[in-house]
Amino acid sequence: MKKIKSSTLLILIAALSIAIITYGFLDFNGDNTSSPPNKKPDNIASNASKIESNSNVNTASVSSEENLKKEVTTTDKKIQNGLHKVEFGFNIGFLSDFQTNQQAYRKALNQIQNDGINNLRIYELFTKNITQQPGLAAKLVDKLVDDHHFNLLLCLSNFPDIPGIQYKTSGISDFKDADVKQNFTNRYPPVNFDAYQNYLTNFLNTLQEKNDLNNISFEIGNEPDSKRFFWGTPDDFAIIARSTANVLESYKRPIYCCGFTADFADGSAAEHQGYLNLIKDQNFRDNVNLSFHFYQSNKFEINKIQLPALKNSIITEFNFYGSMKQGSSRLDVTNSPVFGSLLIQALDFAYKNEIAKIYLFKLIDVANKEGLLGFFDVNGNPKPSYNAFIKVYNVIKDGYRVEENASQIKLVGLNQTIVYSKTNGVNTNELLHENNGFGKQKNNKNFGNNGSNFFMGNWNVVNN
């Protein structure tokens, strides 16, 4: 009797052991039914599950943690495998515009930051109304860096009109509103560089004391090849650029030069040779990368730009037109999907030439000032042009590659692709019903610049 009871007990213990082992094995390899029923898996884990279910791999031998690592590794490889990343930013404009319109700027700044854009460019830091208040320029810069947490590109494009710095004021070229501009800013080249360098050094030291410099890069010049924006010669500017770079280099921050115009970038003007000599000088370019502007204005095509040292260069002003007024039919163009078409062409160009960053011009329209180039209105509300930008930006912000054939261009992002048609679109001239700024009317067969037609293809976003 004892023997039978012992045998029965052994059998029961063995059966119980098998059950426990089997349950543990099933629980480890099967679906986790103990998870909350309403909890959805995150996208990466979900995608990893789909990859495994479509493969020949035995899912019982691979844990969910390994699947997650596998998906992350795949994403890393995508980023490394020919994808180019272009950063975007917006132009504030004059530092004095921000000074007098801070409340209007705040709404737009919050919007772009929420959309993932943290880069701003500011030019003309030393206008007369700011230099008359010592320390104000650094205070305003600090507000954008410290209070709003933006990365700034400070464009050193004018010079402080204060006692102690002398300027070469003879030989200024005649241009529209010259007297008005001279009352607001000084763009004459300095003569005594020691005094100018000391002023610049004190300004930079103040930013350093505020711990702002880690968020700041510098650009030397703003369209110096335009007589409106630099009141000196190419030789004058070359001296300024080199002396300014010498000051900046000791602060170990990125430096760019020189915010050249689209006309310069097009390479068609012989008088630009002096500026070309500067940026071809390898000694100057050791610590300085190229910057330039692009406004198509029915005159230039971005894919025809030919400049030395395009790799790692930046476009510091970008838009369809360089000027727009209330009632202009140019607004119909920029506030349509056509702006997206131009941006797609720019991204194609950026991919092929390794352009690092593009700053749109400009953030907002400023009340009581002429011009409607802003991507936000005077109240900080986004315009259709901003919405078109965001639609494109959301596809390419994490990196993209270009696939191109005779009929289309594809900008392939991580999750979506922009498909741009080379054959199905519109001629931008056909969208304009007024004088286009080049003195020709639509009923003139030579409407546009030299009769040029600027085709903007249709585009759409599709999932990968």
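What counts and how
Residues numbered from 1 in each chain as written. Predicted model: local features only at pLDDT ≥ 70, side-chain atom pairs only at ≥ 80, totals over all residues. Heavy atoms only, no water. Pairing = 2+ DSSP bridges. Helix = DSSP H or I, 4+ residues; strand = E, 2+ residues; numbered from the N terminus. pLDDT = per-residue confidence, 0-100. Contact = heavy atoms within 4.5 Å. Core = buried A, V, L, I, M, F, W, Y, C linked by side-chain atoms within 4.5 Å. Buried < 20%, exposed > 50% of the residue type's maximum accessible area, 1.4 Å probe, protein only. Expected span 1.5 Å × (residues − 1). Axes fitted to C-alpha atoms, helices over the stretch in contact; angles between N-to-C directions. Left-handed = near helix turned anticlockwise from the far one by under 90°. Nonpolar A, V, L, I, M, F, W, Y, C, P; charged D, E, K, R; others polar. Phe/Tyr/Trp six-rings, centres within 6.5 Å; stacked < 30°, edge-to-face > 60°.

## Side note on the pairing of strand S11 (residues 416-427)
As paired elements, strand S10 (residues 408-412) and S11 share 5 bridges and run antiparallel to each other. Within S11, the residue paired with Val-412 across the bridge is Thr-417. Between S10 and the antiparallel strand that follows it, S11, lie 3 residues.

## Remarks on the confidence of the model for the chain
Put simply, the chain has an average pLDDT of 81, and 76% of its residues get 70 or more. The low-confidence segment residues 1-13 (pLDDT under 50) makes 0 contacts with residues lying over four places distant or belonging to another chain. Here residues 434-451 scores under 50 on pLDDT; set against residues more than four positions off or in separate chains, the count is 29 contacts.

## Some thoughts on the nonpolar core
Among the nonpolar cores identified, the biggest contains 120 residues, and Phe-292, Phe-318 and Phe-389 are the most heavily contacted of them. Among the elements that take part in this core, helix H15 (residues 337-353) stands out by supplying 9 residues, more than any other. Beyond its immediate sequence surroundings of up to four residues, Phe-389 is in contact with Phe-88, Phe-90, Ile-117, Phe-339, Leu-343 and Leu-360.

## A look at unusual backbone geometry
Leave glycine aside and you will find that most residues have negative phi; peptide bonds, for their part, are mostly trans. Here the residue pair Cys-257 and Cys-258 is connected by a cis peptide bond, since its omega of 20 degrees sits within 30 degrees of zero. For the peptide bond that leads from Phe-361 to Lys-362, omega is -5 degrees, which places it in the cis range. Residue position: Lys-362 is located in the loop between strand S8 (357-360) and helix H16 (384-396). Here the phi dihedral of Ala-309 falls at roughly 60 degrees; this positive angle occurs in a residue that is not glycine. Along the chain, Ala-309 turns up in the loop between strand S6 (289-295) and strand S7 (314-319). Judged by relative accessible area, Ala-309 falls into the partly exposed class, the value being 28%.

## Description of helix H10 (residues 234-249)
In a regular helix each residue adds 1.5 Å, so 16 residues correspond to 22 Å; H10 covers 22 Å between its end C-alpha atoms and thus fits that length. Inspection of H10 places Asp-236, Phe-237, Ala-238, Ile-240, Ala-241, Ser-243, Thr-244, Ala-245, Val-247 and Leu-248 among the buried residues, and these make up the whole buried set. Buried-residue contacts for H10 involve strand S3 (151-156), helix H9 (193-209), strand S4 (216-220), strand S5 (255-260), helix H12 (273-280) and helix H13 (282-285).

## Considering the sheet that holds strand S9 (residues 401-404)
By way of backbone hydrogen bonds, the strands of a sheet pair with one another, either parallel or antiparallel. Read from one edge of the open sheet, 4 strands run S9-S10-S11-S12, paired in antiparallel fashion. Taken across any chain shown, the strands that pair with only one partner, and hence form the sheet edges, are S9 and strand S12 (455-463). Each neighbouring strand pair of the sheet contributes to a mean axis angle of 25 degrees, computed without reference to strand direction. The sheet contacts of H15 involve S9, S10, S11 and S12, and relative to S12 the element is tilted by about 80 degrees. Contacting S10, S11 and S12, H16 crosses the sheet at an angle of about 55 degrees to S12.

## Here we look at the packing of helix H7 (residues 136-147) against H9
Remark: H7 packs on H9, axes separated minimally by 10 Å, with the N-to-C direction vectors making an angle of 35 degrees. Here H7 runs over H9; the crossing is right-handed. For the pair H7 and H9, contact is made by Ala-137, Ala-138 and Val-141 and by Phe-203, Thr-206 and Leu-207, respectively. A per-class count over the contact of H7 with H9 returns 5 nonpolar, 1 polar and no charged.

## Describing the environment of Lys-139
As for its placement among the helices and strands, Lys-139 is situated in helix H7. Note on Lys-139: relative accessible area 55%, which makes it exposed. In this structure, the C-alpha to C-alpha distance between Lys-139 and Leu-207, residues 68 residues apart in sequence, is 8.6 Å.

## With respect to the packing of aromatic side chains
Going through the model one piece at a time under the given rule, you end up with 27 aromatic pairs. Between Phe-90 and Phe-375 the ring centres are 5.6 Å apart and the planes differ by 75 degrees, which places this aromatic pair in the edge-to-face class. Residue Phe-90 is located in strand S1 (residues 87-94), and its partner Phe-375 is located in the loop between S8 and H16; the two are separated by 285 residues in the primary sequence. When sorted by exposure, Phe-90 lands in the same class as Phe-375, which is buried.

## Some points on the sheet that holds S6
Ordered by their spatial adjacency, 8 strands build a closed barrel running S1-S2-S3-S4-S5-S6-S7-S8, and the pairing between neighbours is parallel. Along the sheet, successive strands turn relative to each other by an average axial angle of 30 degrees, direction set aside. Pairing analysis gives 3 bridges linking S7 to S8, with the strands arranged parallel. Residue Ile-315 lies in a different strand from S8, and its bridge partner there is Ile-358. Packed onto the sheet, H7 meets strand S2 (119-123), S3 and S4 and runs at close to 160 degrees relative to S3.

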